Amino acid sequence: MILPYALGICLIAIMVSMLMCLYRLVTGPSIVDRLLALDTFFLNATCLVVVLGIYWMSTSLFEGALLVAMLGFVSTVALARYFTSGHVID
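It should be emphasised that the depicted structure is a prediction, and the values quoted were computed from it without experimental measurement.

Chemist: What exactly am I supposed to notice about the side chain of T76 here?
Modeler: Inspection of the secondary structure assignment puts T76 in helix α3 (residues 60–85). The exposure class of T76 is buried, given its relative accessible area of 14%. Side chain to side chain, T76 and D39 meet in a polar contact 3.3 Å long. Sequence-distant contacts of T76, defined by excluding residues within four places in its chain, comprise L35 and D39.

Chemist: What am I meant to see in the UniProt feature "transmembrane region" (unreviewed entry) in the chain here?
Modeler: Under the feature "transmembrane region" (unreviewed entry), the UniProt entry names residues 6–23, 35–58 and 64–84. Helix makes up 100% of residues 6–23 and strand 0%, whereas the separation of the span's terminal C-alpha atoms amounts to 26 Å. Here residues 64–84 runs as 100% helix and 0% strand, with 30 Å between its end C-alpha atoms.

Chemist: Is there a simple way to explain the packing of helix α2 (residues 31–56) against α3 in this structure?
Modeler: Between two packed helices, what matters for the description is the angle formed by their axes and the separation of those axes. Contact geometry of α2 with α3 gives a least axis separation of 8 Å together with a crossing angle of 175 degrees. Looking at the two axes, α2 sits roughly antiparallel to α3. Across the contact of α2 with α3, the residue classes break down as 19 nonpolar, six polar and one charged.

Chemist: Sorry if this is basic, but what is going on with a nonpolar patch on the surface here?
Modeler: Taken together, the side chains of I31, V32, L36, Y82, F83, V88 and I89 make up a nonpolar region of the molecular surface, amounting to roughly 690 Å² of accessible area. Broken down by element, the residue count for the nonpolar patch peaks at three residues, all from α2. With respect to the helices and strands, V88 occurs in the segment after α3.

Chemist: Where do I start with the nonpolar core in this structure?
Modeler: Listed in full, the seven residues of the largest apolar core are L7, L11, I14, M18, A45, L48 and V51. Of all the secondary-structure elements, those providing two or more residues to this core are α1 (3–27) and α2. No other element matches α1, which puts four residues into this core. When sequence neighbours within four positions are dropped, the list of residues in contact with M18 reads F41, N44, A45 and L48.

Chemist: What is the right way to read the environment of G28 from this model?
Modeler: As for its position among the elements, G28 is in the loop between α1 and α2. Contacts of G28, omitting those with residues within four sequence positions, involve Y23, D33 and R34.

Chemist: It is not clear to me how the packing of α1 against α2 should be interpreted in this structure. Could you clarify?
Modeler: With their axes 9 Å apart at the nearest point, α1 and α2 run at an angle of 160 degrees to one another. Comparing their axes, α2 and α1 come out roughly antiparallel. Helix-helix and strand crossings are classified by hand; for α1 and α2 the assignment is left-handed. Per-class residue counts for the contact of α1 with α2 are 21 nonpolar, four polar and three charged.

Criteria and thresholds
Residues numbered from 1 in each chain as written. Predicted model: local features only at pLDDT ≥ 70, side-chain atom pairs only at ≥ 80, totals over all residues. Heavy atoms only, no water. Helix = DSSP H or I, 4+ residues; strand = E, 2+ residues; numbered from the N terminus. Buried < 20%, exposed > 50% of the residue type's maximum accessible area, 1.4 Å probe, protein only. Polar contact = N/O pair within 3.5 Å; in protein donor to acceptor, adjacent residues only side chain to side chain. Contact = heavy atoms within 4.5 Å. UniProt positions renumbered as here; feature names shortened; annotations may be inferred. Axes fitted to C-alpha atoms, helices over the stretch in contact; angles between N-to-C directions. Parallel < 35°, antiparallel > 145°, perpendicular 65-115°, else oblique. Nonpolar A, V, L, I, M, F, W, Y, C, P; charged D, E, K, R; others polar. Patch = residues over 30% accessible without salt bridge, like charges linked within 9 Å, V, L, I, M, F, W, Y side chains within 5 Å. Areas by Shrake-Rupley, 256 points an atom, 1.4 Å probe, with all protein chains shown as cover. Salt bridge = Lys/Arg side-chain N within 4 Å of Asp/Glu carboxyl O. Core = buried A, V, L, I, M, F, W, Y, C linked by side-chain atoms within 4.5 Å. Left-handed = near helix turned anticlockwise from the far one by under 90°.

Pasting the structure below:
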C-alpha cells in the first residue's frame, strides 16, 4: 500500500542526485572530481534501474542493473588508469 509512494520518493531523490552528479561532471574543477562524479553517476543509474525494476515488478531490469554496474566499474578503472599513467593497456 505504501510501497508505490516510497518508490516514488526514491525515484525523485535518485534523479536529484543524478542531476547534482551531472552538474559536478560538467563543471568539476579537476579531473578527479569529474571522475568521481562519473562513478557516482553510474551508481545512481544502477540504483535507478533497481528501483524501477521493483516499481514495475520486472525481473529483467535487475540484469540490466548488473550490466550498468559492471560497465561503470570498468569505465571508472580505465579512466583512472588513463589519467594517472597516460595509457590504459600496458
